[in-house]
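Listed here are the chains, written in short residue letters.
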Amino acid sequence: TALGLLAELKGRGMEPSVKTYSAAISACEKGGDKYTDTALGLLAELKARVIEPNVITYSAAISACEKGGGKYTDTALGLLAEMKKRGVEPDIVTYNAAISACEKGGGEYTDTALALLAELKRSGIGPDVITYNAIVKACFDGKRYSHAQEKTREAIDMGIYPNFVASKSAKWDLHDLTEATSCMLLGDSLISIVEASWFRKVTIITGKGLHSNDAPVLQEKVPRFLREVAGIEISMQEGNEGRFIITRKTLQKWGTFGKYKEFKNVMTNQQCMYR
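Each value, and the rule that gives it
Residues numbered from 1 in each chain as written. Predicted model: local features only at pLDDT ≥ 70, side-chain atom pairs only at ≥ 80, totals over all residues. Heavy atoms only, no water. Helix = DSSP H or I, 4+ residues; strand = E, 2+ residues; numbered from the N terminus. Buried < 20%, exposed > 50% of the residue type's maximum accessible area, 1.4 Å probe, protein only. Contact = heavy atoms within 4.5 Å. Pairing = 2+ DSSP bridges. Axes fitted to C-alpha atoms, helices over the stretch in contact; angles between N-to-C directions. Expected span 1.5 Å × (residues − 1). Phe/Tyr/Trp six-rings, centres within 6.5 Å; stacked < 30°, edge-to-face > 60°. Parallel < 35°, antiparallel > 145°, perpendicular 65-115°, else oblique. Left-handed = near helix turned anticlockwise from the far one by under 90°. Nonpolar A, V, L, I, M, F, W, Y, C, P; charged D, E, K, R; others polar. Salt bridge = Lys/Arg side-chain N within 4 Å of Asp/Glu carboxyl O. Core = buried A, V, L, I, M, F, W, Y, C linked by side-chain atoms within 4.5 Å.

## A few points about the overall build of the chain
Argument step 1. Secondary structure summary: the chain contains 14 helices and four strands in total.
Argument step 2. When burial is assessed residue by residue, the chain has 46% of its 275 residues classed as buried.
Argument step 3. Long-range contacts, defined here as pairs at least 24 residues apart, represent 68% of the contacts in the chain between residues at least 6 apart.

## A closer look at the sheet that holds strand β3 (residues 235-236)
Argument step 1. The four strands are arranged β1-β2-β4-β3 in an open sheet whose pairing can be described as mixed. Of all the strands in the sheet, just β1 (171-173) and β3 have a single pairing partner and so form its edges.
Argument step 2. Here three bridges tie β1 to strand β2 (residues 202-205), and the two strands are oriented parallel to one another. Bridge pairing links Trp 172 to Ile 204 in β2.
Argument step 3. Packing of helix α11 (residues 179-195) onto the sheet brings it into contact with β1, β2 and β4 (243-246), and relative to β1 it is tilted by some 160 degrees.

## Here's the deal with helix α4 (residues 55-68)
Argument step 1. Along its 14 residues, α4 runs 20 Å from first to last C-alpha, staying within 8% of the 20 Å computed at 1.5 Å per residue.
Argument step 2. The buried count for α4 comes to 11 of 14 residues, which makes it a mostly enclosed element.
Argument step 3. The first or second residue beyond α4 is Gly 69, which carries a positive phi of 95 degrees.

## Section: the packing of aromatic side chains
Argument step 1. As enumerated under the stated definition, the model contains six aromatic pairs in all.
Argument step 2. Centre to centre, the rings of Phe 225 and Phe 263 are 6.2 Å apart; their planes meet at 75 degrees, and the pair counts as edge-to-face. Of this pair, Phe 225 sits in helix α12 (residues 217-230) while Phe 263 is found in helix α14 (residues 260-269), placing the two residues 38 residues apart along the sequence. Of the two residues, Phe 225 and Phe 263, neither departs from the other in class, the shared state being buried.
Argument step 3. Taking the centre distance of 5.5 Å and the plane angle of 75 degrees together, the rings of Trp 254 and Tyr 260 count as edge-to-face. Of the two residues, Trp 254 and Tyr 260, neither departs from the other in class, the shared state being buried.
Argument step 4. Grouping aromatic residues by their ring pairs yields a cluster made of Phe 140, Tyr 145, Phe 225, Trp 254, Tyr 260 and Phe 263.

## Some points on the environment of Ile 51
Argument step 1. Relative to the assigned elements, Ile 51 resides in the loop between α3 (36-48) and α4.
Argument step 2. Sequence-distant contacts of Ile 51, that is, excluding residues within four places in its chain, are made with Glu 15, Pro 16, Val 18, Tyr 21 and Leu 46.

## Considerations on the packing of helix α6 (residues 92-105) against helix α7 (residues 110-123)
Argument step 1. As a packed pair, α6 and α7 sit with axes 9 Å apart at the nearest point and diverge in direction by 165 degrees. Considering the angle they form, α6 stands roughly antiparallel to α7. The handedness of the crossing between α6 and α7 comes out as left-handed. Where α6 abuts α7, its residues Ile 92, Tyr 95, Asn 96, Ala 98, Ile 99 and Cys 102 lie against Thr 112, Ala 113, Leu 116, Leu 117, Glu 119 and Leu 120.
Argument step 2. Considering only residue class, the contact of α6 with α7 consists of nine nonpolar, two polar and one charged.

## Topic: the pattern of salt bridges
Argument step 1. Summed over all chains, the structure comprises 20 salt bridges.
Argument step 2. For Lys 67, the salt bridge identified is with Glu 29, shortest N-O distance 2.7 Å. Taken together, the residues span a long stretch of sequence, with Lys 67 in helix α4 and Glu 29 in helix α2 (residues 18-31) at a distance of 38 residues.
Argument step 3. Note that Lys 47 is salt-bridged to Glu 82, the shortest N-O span being 2.8 Å.

## Concerning the nonpolar core
Nonpolar side chains in soluble globular proteins tend to end up buried together.
Argument step 1. Ile 135, Leu 190, Leu 226, Ile 232, Leu 251 and Trp 254 are the most contacted members of the largest nonpolar core, which has 79 residues in total.
Argument step 2. When residues in this core are grouped by element, the largest group, nine residues, is from α11.
Argument step 3. Other than its neighbours up to four places away in sequence, Leu 226 contacts Leu 186, Leu 190, Ile 204, Gly 231, Ile 232 and Ile 234.

## Observations regarding the packing of α2 against α3
Argument step 1. Two elements in contact, α2 and α3, have axes separated by 8 Å at closest approach and are oriented at 165 degrees. Comparing the axis directions of α2 and α3 gives the class roughly antiparallel. As for how α2 packs across α3, the hand of that crossing is left-handed. Residues Val 18, Tyr 21, Ala 24, Ile 25 and Cys 28 of α2 touch α3, and the partners they reach there are Thr 38, Ala 39, Leu 42, Leu 43, Glu 45 and Leu 46.

What follows is the structure, given as structure tokens:
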């Protein structure tokens, strides 16, 4: 392993390179939260040996902080500031890791995440699907629904997220999408079809969670979002627990007499009705 190689080199009295340290820090990042402190220790060791960290080193260290959770958010942002001060230009991997670290830090870091996205755009090196997944989740978890919806629409316009309304498909497939992205896509699409009076039966495909590490997240949380936030009636498709139905009649009722206006207000004014 990368950590083993580093230990072997030091044991032989050989000087590890920045590439060796970067690989070891990256291995810590892939190992999850229990290796965050090890990754930071390796970065400190590298600098103590007067070896200059590069963009790969810093990106791996910031990503390790993200894996460590909210208590490392300030550390991640500090590393981003440090690398800039040293003249090391962040790349899209660096920015994505930093934005994800902000998401882990909670709502107080949402503005920082949005500022990092703006900075990334100015740099001309992104964003990509990882960026938008991270920023939408940061806004969604921080209950900044209007910002989450705005970034979702940006990603739709860039072809990063599917455009359910433009495709005129009656089947909205959420496979490979995150919880936050799925909820925002559905919210934006429901508002759009009501505004266009495009009432028809819609099938929402969440899947059964066969590829989820734990519980089937979308199968549980997407219907909850639609019921509790959107206030719209949905039903499970008979014989397929990974599909949900919104009937044409339900859409008309929701758009005319239901909670459509209230839901649109929530999406616009960042009011919290969820969680």
